[in-house]
Amino acid sequence: MSDFVKTVAVNSLSDPGRELLEIEDRVVVLIHVGGEFFCIDDVCTHDGGPLSDGRLDDHTIACPRHGAKFDIRNGKALTMPATEDTAAHQVEVRDGWVWVKLRPE
């Protein structure tokens with residue numbers, strides 16, 4: 001199981017904003033919304049589309065390919081054509097940095 005990994009400085013990511021990261025050979029998107037940080041896998045479970053390129057609206061992100069929406073707080077698939085959730089990861093803010101702990105695959 002992974003440990004928390006230091007990623008970006010809190011003040012380096014606008015609100016709302018997002019940043020694509022590679023952590024332990026896994027591509028994830030770190031999202032800053034409403035003063036909070038969230039991290040999900042950068043993959044639409046419908047066809048593998050890059051969620052980081054999708055439209056962010058409050059706590060949802062839409063896949064740019066077919067519009068499937070996911071809740072950035074927990075990775076839950078909210079609309080078709082996605083029927084499976086994407087992975088959501090633990091996020092902590094410590095000493096001005098955003099730390100991420102990956103959920104096991």
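Structure first, text after, so check above.
Residues numbered from 1 in each chain as written. Predicted model: local features only at pLDDT ≥ 70, side-chain atom pairs only at ≥ 80, totals over all residues. Heavy atoms only, no water.

Colleague: How should I be thinking about the overall build of the protein chain in this particular structure?
Modeller: Looking only at helices and strands, one finds zero helices and nine strands in the protein chain. Taken over the C-alpha trace, the protein chain has a radius of gyration of 13 Å; the compact-globule value for 105 residues is 13 Å, and the two agree within 12%. Along the first, second and third principal axes, the C-alpha set of the protein chain runs to 40 × 30 × 15 Å. For the protein chain, the residues scored as buried account for 44% of the 105 residues in total. (Helix = DSSP H or I, 4+ residues; strand = E, 2+ residues; numbered from the N terminus. Rg over C-alpha atoms; globule rule 2.2 N^0.38 Å. Buried < 20%, exposed > 50% of the residue type's maximum accessible area, 1.4 Å probe, protein only.)

Colleague: Can you walk me through the packing of aromatic side chains in this structure?
Modeller: Two descriptors summarise a pair of aromatic rings, namely the distance from one centre to the other and the angle between the planes of the rings. Scanning the entire structure with this criterion turns up zero aromatic pairs. Here the guanidinium or amino end of Arg 94 rests over the ring plane of Phe 4, the centre of that ring lying 5.3 Å away. (Phe/Tyr/Trp six-rings, centres within 6.5 Å; stacked < 30°, edge-to-face > 60°. Lys NZ or Arg CZ within 6 Å of the ring centre and 35° of its normal.)

Colleague: Can you walk me through the pairing of strand β3 (residues 26-33) in this structure?
Modeller: For β3, the buried fraction is high: seven of the eight residues fall into the buried class. Where strand β2 (residues 17-23) and β3 come together, seven bridges link them in antiparallel fashion. Directly across from Leu 21, in β3, lies its bridge partner Val 28. Hairpin remark: β2 followed by β3, antiparallel, with two residues in the connecting loop; positive phi at Glu 24, about 50 degrees. Judged from the six bridges that link them, β3 and strand β4 (residues 36-41) form a sheet pairing that is antiparallel. (Pairing = 2+ DSSP bridges.)

Colleague: What should I look at first to understand the nonpolar core in this one?
Modeller: Proteins that are soluble and globular tend to have nonpolar side chains buried together. Core analysis: the biggest nonpolar cluster contains 16 residues, and Ile 31, Ile 40, Leu 51, Ile 61, Phe 70 and Ile 72 have the highest contact counts within it. Contributing elements (two or more residues each) for this core: β3 and β4. Per-element tally for this core: the top contributor is β3, with three residues. In contact with Ile 61, not counting residues within four places along its chain, are Arg 18, Ile 31, Ile 40, Leu 51, Gly 54, Arg 55, Leu 56, Ala 68, Lys 69, Phe 70 and Ile 72. (Core = buried A, V, L, I, M, F, W, Y, C linked by side-chain atoms within 4.5 Å. Contact = heavy atoms within 4.5 Å.)

Colleague: Before we go on, may I ask you to explain the pattern of salt bridges in this structure?
Modeller: Note that side chains of opposite charge can pair when their charged atoms are close. In total, this model carries five salt bridges according to the counting rule given. Among the ionic pairs, Asp 47 bridges to Arg 65, the shortest N-O distance being 3.7 Å. Remark: Arg 65 occurs in the loop between β6 (60-62) and β7 (69-71) and Asp 47 occurs in the loop between β4 and β5 (55-57); sequence separation between them is 18 residues. With a closest N to O distance of 3.0 Å, Glu 92 and Arg 94 form a salt bridge. (Salt bridge = Lys/Arg side-chain N within 4 Å of Asp/Glu carboxyl O.)

Colleague: Help me out: how do you make sense of the sheet that holds β5 in this one?
Modeller: One key point about sheets: their strands pair by backbone hydrogen bonds, in either a parallel or an antiparallel sense. One open sheet accounts for three strands, arranged β5-β6-β7; its pairing is antiparallel. Each edge of the open sheet is held by one strand with a lone partner, namely β5 and β7. Mean inter-strand twist for the sheet, computed between neighbouring axes without regard to direction, equals 25 degrees. The pairing of β6 with β7 spans three bridges and is classified as antiparallel. By the bridge assignment, Ala 62 is partnered in β7 with Lys 69. (Axes fitted to C-alpha atoms, helices over the stretch in contact; angles between N-to-C directions.)

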